[in-house]
Amino acid sequence: ELVLRWRAGRLEEAQFGHDYLPLDEETVLRPGEDLTPIYRKVRASKHRDTCFLPRLIERCILNFNLGQSVDQTNSLLNSSLELFLHELDLRYNIVRYISWLIPSLGFIGTVVGIMMALNYAGDRVNAQSPDMLYQVTERLGVAFSTTLLALIMAAILVFLQNMIQGHEERTLNRCGQYCLDSLISRLYAP
């Protein structure tokens, strides 16, 4: 799941290489004549339904062409960014669940291991055995190792999740900034 999220983040980042919007600072974008070629370019993208940047540009252009209000289009951009951030957060639900599940399984393993060690120690047959203490401590060592292993695995998983999710969130912020700088701030309603 994290590999898929990492790949999705790389794909999102690659969208900036498509130069959907004009880069020169003097360009003014008017409804119809200036925005239609940009809209067509975005619609032709094979990632327009999955990536944030083409979806943002498409929404903003459609809104501006219909209402010709810069404020309304800016408001739509902000609302879309909030929705996309929530969508991004939802994509990590299974990873968060697994991050919770791993230490829980480790603690269950510890409890089962302690139970088995105590059962061994409590058996009358083993009570007089000269290596009983060794056997009990060996079983307890395995029991506590399950918790240690689970905590290490969960720590690594949470670290990777935070790194990858942070990268995707930064890319989404960059999408918003790109739309604000290269689209919203250049819109002109006659």
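Attention now moves to the overall build of the protein chain. For the protein chain, the count of helices and strands is seven helices and zero strands. Walking the protein chain from its N terminus toward its C terminus, one meets helices and strands in the order α-α-α-α-α-α-α. For the protein chain, the C-alpha radius of gyration of 28 Å lies well beyond 16 Å, the compact-globule estimate for 190 residues. Counting only C-alpha atoms, the protein chain reaches 95 × 25 × 25 Å along its principal axes. Buried positions account for 36% of the 190 residues belonging to the protein chain. For the protein chain, long-range pairs separated by at least 24 residues make up 75% of all intrachain contacts whose partners lie at least 6 apart in sequence. For the protein chain, the exposed surface amounts to about 11400 Å²; the carbon and sulfur share of it is 61%. Across the protein chain, the centroid of the 18 positively charged side chains sits 5 Å from that of the 21 negatively charged ones.

Further remarks concern the pattern of salt bridges. Within the structure shown, the criterion is met by nine salt bridges. As a salt-bridge pair, arginine 5 and glutamate 168 come within 2.8 Å of each other at their nearest N and O atoms. Within this pair, whereas arginine 5 is found in helix α1 (residues 2-14), its partner glutamate 168 is found in helix α7 (residues 132-182), the two being separated by 163 residues in sequence. Accessibility expressed as a relative area gives 3% for glutamate 168, which makes it buried. Of the charged contacts in the structure, one is a salt bridge between arginine 96 and aspartate 89, with a shortest N-O distance of 3.3 Å. Connected via shared salt-bridge partners are Arg43, Arg48, Asp49 and Glu58.

Let us now look at the nonpolar core. Core analysis: the biggest nonpolar cluster contains 25 residues, and Leu35, Ile38, Leu53, Ile57 and Leu183 have the highest contact counts within it. The dominant element in this core, judged by the number of residues it contributes, is helix α3 (residues 52-67), at seven residues. Setting aside residues no more than four positions away along its own chain, isoleucine 38 makes contact with Tyr20, Leu21, Pro22, Leu29, Ile57 and Ile61. Grouped together as the second largest cluster of nonpolar side chains are eight residues, Tyr92, Val95, Ala150 and Ile164 included.

Confidence along the protein chain averages 92 in pLDDT terms, with 100% of residues attaining 70 or more. For the protein chain, the element scoring lowest by mean pLDDT is helix α6 (residues 124-127), at 80; helix α4 (residues 70-90) scores highest, at 96.

This part is about the packing of aromatic side chains. Going through the model one piece at a time under the given rule, you end up with three aromatic pairs. Geometrically, the ring pair formed by tyrosine 97 and tryptophan 100 is tilted, given 5.7 Å between the ring centres and 35° between the ring planes. Within this pair, tyrosine 97 and its partner tryptophan 100 are both found in helix α5 (residues 93-122), separated by three residues, close to a single helical turn. Exposure remark for tyrosine 97: the relative accessible area of 44% places this residue in the partly exposed category. A cation over an aromatic ring shows up here: arginine 139 above the ring of tyrosine 120, its NZ or CZ 4.2 Å from the ring centre. For the cation-ring pair, arginine 174 lies above phenylalanine 16, with the distance from its terminal atom to the ring centre recorded as 3.9 Å.

Thresholds applied
Residues numbered from 1 in each chain as written. Predicted model: local features only at pLDDT ≥ 70, side-chain atom pairs only at ≥ 80, totals over all residues. Heavy atoms only, no water. Helix = DSSP H or I, 4+ residues; strand = E, 2+ residues; numbered from the N terminus. Rg over C-alpha atoms; globule rule 2.2 N^0.38 Å. Buried < 20%, exposed > 50% of the residue type's maximum accessible area, 1.4 Å probe, protein only. Contact = heavy atoms within 4.5 Å. Areas by Shrake-Rupley, 256 points an atom, 1.4 Å probe, with all protein chains shown as cover. Lys, Arg positive; Asp, Glu negative; His and termini not counted. Charge placed at Lys NZ, Arg CZ, Asp CG, Glu CD. Salt bridge = Lys/Arg side-chain N within 4 Å of Asp/Glu carboxyl O. Core = buried A, V, L, I, M, F, W, Y, C linked by side-chain atoms within 4.5 Å. pLDDT = per-residue confidence, 0-100. Phe/Tyr/Trp six-rings, centres within 6.5 Å; stacked < 30°, edge-to-face > 60°. Lys NZ or Arg CZ within 6 Å of the ring centre and 35° of its normal.

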